[in-house]
Amino acid sequence: MAPGMVRVCNVSCVIPKNPGPNRTMYLCDMDQKVGYYVRTLFFYAPETKTLDVDRLKSSLAEVLDSHDFWGGRLRFNENGRMEIDCSNQGTFFTFATSGLGMDQVTADDLDDFFSFDDDKIKTLEDLPLLRIQVTHMLGDNGYAISILFHHALVDATSAINFLLNLASINRGDGLYMLPNGDRTRLKFRDPPQVNFEHEEFSIQTPHNGGVGVFTFTKESVISSELRQKMAPKNERKTFLFRFDKLRELKKAVLDEGPLSECSTFEALAALIWRAHARSIPGKSNNDVLHLGFVVDTRNILDPPLGENFCGNAFYPAYTELTLMDICKLPLSSVVAQVQEAKTRVTNEYVRSGRDFLHLNPNCWYRRCETVINAWPRLMQKSLELDFGWGKPSRVEFPLDPRSSVIAFLPFSWDGILVSVSANGIALGIFEDAIAQFYK
């Protein structure tokens with residue numbers, strides 16, 4: 001075995017410890033647009049006691065008692081909508097080994113930690129919504145735990161809460177948080193009431209017989225993981241924005257005058273948008289450029305969904321400026337655009353947007369030149385994920401290799417890591433624009 005290879009030793013199916021009655025789970029219109037997998041990878045340093053794989057599988061069976069839909073299967077109903085068949089089909093649990101130590105694992109190795117038997121996936125019944133893999137790192141006797149979950153199940157906040165539940169049960173502390181997977185509160189209103197213009201959505205380029213590229217079919221859902229693995233990988237570079245520099249950035253924004261407050265995200269997003277806009281080839285000063293990011297609506301909807309809501313509670317925020325304005329206006333003006341995009345996402349606006357999406361099934365996120373993915377509070381929780389062996393020493397959120405999304409990752413004690421899709425000359429322009437902050 002080559003040192004970097006991951007060798008799968010065995011794969012088993014884990015079903016709930018106390019299987020419940022069969023049922024069907026409704027998926028809202030947002031859920032219908034995310035027919036692909038999301039990856040998370042945790043590394044744990046060598047410990048004096050060996051990781052008990054059987055105990056972890058037993059804990060997974062127990063946590064599925066309260067998260068039965070995680071062990072379900074997608075299906076399309078008679079109206080062509082995706083839903084989850086919760087019939088205790090179970091999740092897949094893989095044990096593997098690798099000759100590497102955790103510090104030797106590079107971005108090129110990450111795919112190996114997410115085993116997926118593509119040749120065995122013929123129907124939706126074969127497609128697990130959750131796969132967990134434990135890899136014993138023989139190079140240093142550490143462990144990697146990788147989680148592959150289907151986005152139709154949940155968003156990132158729900159996924160971390162599921163893992164916190166699994167970790168808490170494995171420690172012997174019971175459930176961390178009782179989940180609520182009911183999506184009916186996110187259902188479109190009858191009749192729909194579109195009370196705003198929703199420029200955050202646009203018609204997607206048709207393919208496959210006229211449906212939008214984000215309208216999923218049985219075939220596209222089945223092949224989503226294979227397409228991701230086969231896609232050309234974007235080169236990425238990560239920059240560290242130290243906390244002291246971020247404080248200076250926020251102070252500089254506020255010292256310009258118009259704004260009375262400014263969050264770290266807002267200031268950093270404005271700076272990154274400016275730097276990224278400058279690096280986009282072929283754009284002129286009068287071209288309108290777009291910034292997109294997502295907002296967690298758990299505490300925005302009325303009544304609130306609650307922190308224990310286990311589903312997709314995100315909503316897209318969107319703003320635009322000309323390239324000249326992004327680069328020439330005071331940074332505080334760019335921050336104000338980011339703030340306005342966030343404050344637009346109110347209860348009534350989200351309800352109206354969900355109704356709009358139901359009435360316009362070929363619409364999805366407007367294509368933005370700059371897209372930022374930032375979930376700092378929930379990602380910070382991932383650093384606390386203790387299964388009983390201590391906290392992780394390294395956490396990775398491997399992005400879709402086709403994605404040009406810019407990710408804010410709070411995985412450094414010194415500051416925030418910003419992962420940017422790299423591209424030769426454009427990357428050099430981006431680096432020059434932010435040089436004083438990331439050094």
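Note: the structure precedes this text.
We now turn to the structure provided with this report. Bear in mind that the values here come from a model prediction, so they are computed numbers and not experimental data. (Residues numbered from 1 in each chain as written. Predicted model: local features only at pLDDT ≥ 70, side-chain atom pairs only at ≥ 80, totals over all residues. Heavy atoms only, no water.)

### Comments concerning the sheet that holds strand 1 (residues 6-14)
As a reminder, the rule being used: One requirement defines pairing of two strands: DSSP has to find at least two bridges between them. Numbering of helices and strands runs from the N terminus; a helix is a DSSP stretch of H or I covering at least four residues, while a strand is a stretch of E covering at least two. Whenever a helix is involved, its axis is fitted only over the stretch in contact; in every case the axis is a line through C-alpha atoms, and angles between N-to-C directions fall within 0 to 180 degrees.
The sheet built from six strands is open, its strands ordered 1-6-7-8-3-17 with mixed pairing. Edge positions in the sheet fall to strand 1 and strand 17 (394-396), since each of these pairs with one other strand and no more. Strand-to-strand twist of the sheet, defined as the mean angle between neighbouring strand axes without regard to direction, takes the value 15°. Relative to strand 7 (residues 130-137), strand 6 (residues 91-98) runs parallel, the two being bridged by seven bridges.

### Let's talk about helix 8 (residues 331-343)
Each α-helix winds once per 3.6 residues, and so residues spaced three or four apart point in a common direction. Which entries qualify depends on this criterion: The span you would expect from a helix comes to 1.5 Å times its residue count less one. Residue exposure (1.4 Å probe, protein chains only): buried if accessible area is under 20% of the type maximum, exposed if over 50%, otherwise partly exposed. Throughout, a contact is declared for two residues whenever any of their heavy atoms are within 4.5 Å.
Spanning 13 residues, helix 8 covers 18 Å between terminal C-alpha atoms, matching the ideal 18 Å at 1.5 Å per step. Regarding helix 8, the residues found buried are Leu-331, Ser-332, Val-334, Val-335, Val-338, Gln-339 and Ala-341. On its buried side, helix 8 packs onto helix 5 (243-255), helix 6 (264-279), strand 13 (288-296), strand 14 (314-322) and helix 7 (323-328).

### Section: the sheet that holds strand 2 (residues 23-25)
Strand order across the open sheet formed by three strands is 2-5-4, with antiparallel pairing between neighbours. Two strands close off the open sheet at either side, each with one partner strand: strand 2 and strand 4 (73-76). Looking at each pair of strands side by side, their axes are set apart by 40° on average, direction ignored. Bridge analysis of strand 4 against strand 5 (residues 82-86) gives four bridges, and the strand direction is antiparallel. Bridged to Phe-76 within strand 5 is Met-82.

### Quick word on the packing of aromatic side chains
The cut-off we apply is this: Two rings from Phe, Tyr or Trp (for Trp, the six-membered ring) form a pair when their centres are within 6.5 Å of each other. A pair whose planes differ by under 30 degrees is stacked, one over 60 is edge-to-face, and the rest are tilted. Note on geometry: a ring has a charge over it if NZ (lysine) or CZ (arginine) is within 6 Å of the ring centre and within 35 degrees of the ring normal.
Under the criterion given, the structure shown has 16 aromatic pairs. Here the aromatic rings of Phe-239 and Phe-430 are separated by 5.5 Å at their centres, their planes lie at 50°, and the arrangement is tilted. With a gap of 191 residues between them, Phe-239 in strand 12 (residues 236-242) and Phe-430 in helix 11 (residues 424-438) connect regions that are remote in the sequence. For the pair Phe-239 and Phe-430, one class covers both residues: buried. Grouped by ring-pair contacts, the aromatic residues Phe-196, Phe-201, Tyr-315, Tyr-349, Phe-356, Trp-364 and Tyr-365 constitute a single cluster. In this arrangement the basic side chain of Arg-39 is found over the ring face of Phe-114, its NZ or CZ atom lying 5.1 Å from the centre. In this structure, Lys-187 is placed above the aromatic ring of Tyr-26, and the distance from its NZ or CZ to the ring centre is 5.5 Å.

### Let's talk about unusual backbone geometry
The general pattern is negative phi for most residues beyond glycine and trans for most peptide bonds. Backbone torsion omega between Asp-190 and Pro-191 reads 5°, so that peptide bond is classified as cis. Its place among the elements puts Pro-191 in the loop between helix 2 (156-171) and strand 9 (201-203). The phi angle at Asn-88 is positive, at roughly 60°, despite the residue not being glycine. Structurally, the position occupied by Asn-88 is in the loop between strand 5 and strand 6. Look at Asn-141: it is not a glycine, yet its phi comes out positive at around 65°. Residue placement: Asn-141 occurs in the loop between strand 7 and strand 8 (142-150).

### Remarks on the packing of helix 5 against helix 6
For any two helices packed against each other, one specifies the inter-axial angle together with the distance between the axes. Note the cut-off: To sort the angles, those under 35 degrees are grouped as roughly parallel, those over 145 as roughly antiparallel, those from 65 to 115 as roughly perpendicular, and the leftovers as oblique. Amino acids are sorted into nonpolar (Ala, Val, Leu, Ile, Met, Phe, Trp, Tyr, Cys and Pro), charged (Asp, Glu, Lys and Arg) and polar (every other residue, Gly among them).
It is at 9 Å that the axes of helix 5 and helix 6 come closest, and there the two elements cross at 85°. On the basis of their axis angle, the class for helix 5 and helix 6 is roughly perpendicular. On helix 6, the residues touching Leu-246, Leu-249, Lys-250 and Val-253 of helix 5 are Thr-264, Ala-267, Leu-268 and Leu-271. When its residues are assigned to classes, the contact of helix 5 with helix 6 shows six nonpolar, one polar and one charged.

### Digging into the pattern of salt bridges
Our working definition: One speaks of a salt bridge when a side-chain nitrogen belonging to Lys or Arg is within 4 Å of a carboxyl oxygen belonging to Asp or Glu.
Taken as a whole, this structure holds 20 salt bridges when the rule is applied. When the shortest N-O distance is used, the salt bridge between Glu-62 and Lys-17 registers 3.7 Å. Of this pair, Glu-62 sits in helix 1 (residues 53-63) while Lys-17 sits in the loop between strand 1 and strand 2; the two residues are 45 residues apart in sequence, bridging distant segments of the chain. Judged by its relative accessible area of 35%, Glu-62 falls in the partly exposed class. With a closest N to O distance of 4.0 Å, Glu-248 and Lys-245 form a salt bridge. Pair noted here: Glu-248 and Lys-245 are both in helix 5, with a separation of three residues, about one helical turn. Look at Glu-248 and you get partly exposed, because its relative accessible area is 46%. A relative accessible area of 25% means that Lys-245 is categorised as partly exposed. Salt bridges sharing common partners tie together Arg-39, Asp-111 and Glu-225.

### As for the environment of Ala-96
Tracing the chain through its elements places Ala-96 in strand 6. Separated by 87 residues in the primary sequence, Ala-96 and Cys-9 have C-alpha atoms spaced 5.0 Å apart. With residues up to four places along the chain from it excluded, the contact list for Ala-96 reads Val-6, Arg-7, Val-8, Cys-9, Gln-133, Val-134, Thr-135 and His-136.

### Examining the side chain of His-67
Under the convention used in this document: What qualifies as a polar contact is a pair of N or O atoms within 3.5 Å, subject to a donor-acceptor requirement within protein and to the restriction that residues adjacent in sequence count only when both atoms come from side chains.
Here His-67 lies in the loop between helix 1 and strand 4. Overall, the relative accessible area of 1% leaves His-67 in the buried class. A polar atom in the side chain of His-67 sits 3.1 Å from the side chain of Ser-66. Sequence-distant contacts of His-67, that is, excluding residues within four places in its chain, are made with Phe-162, Asn-165, Leu-175, Pro-179 and Cys-310.

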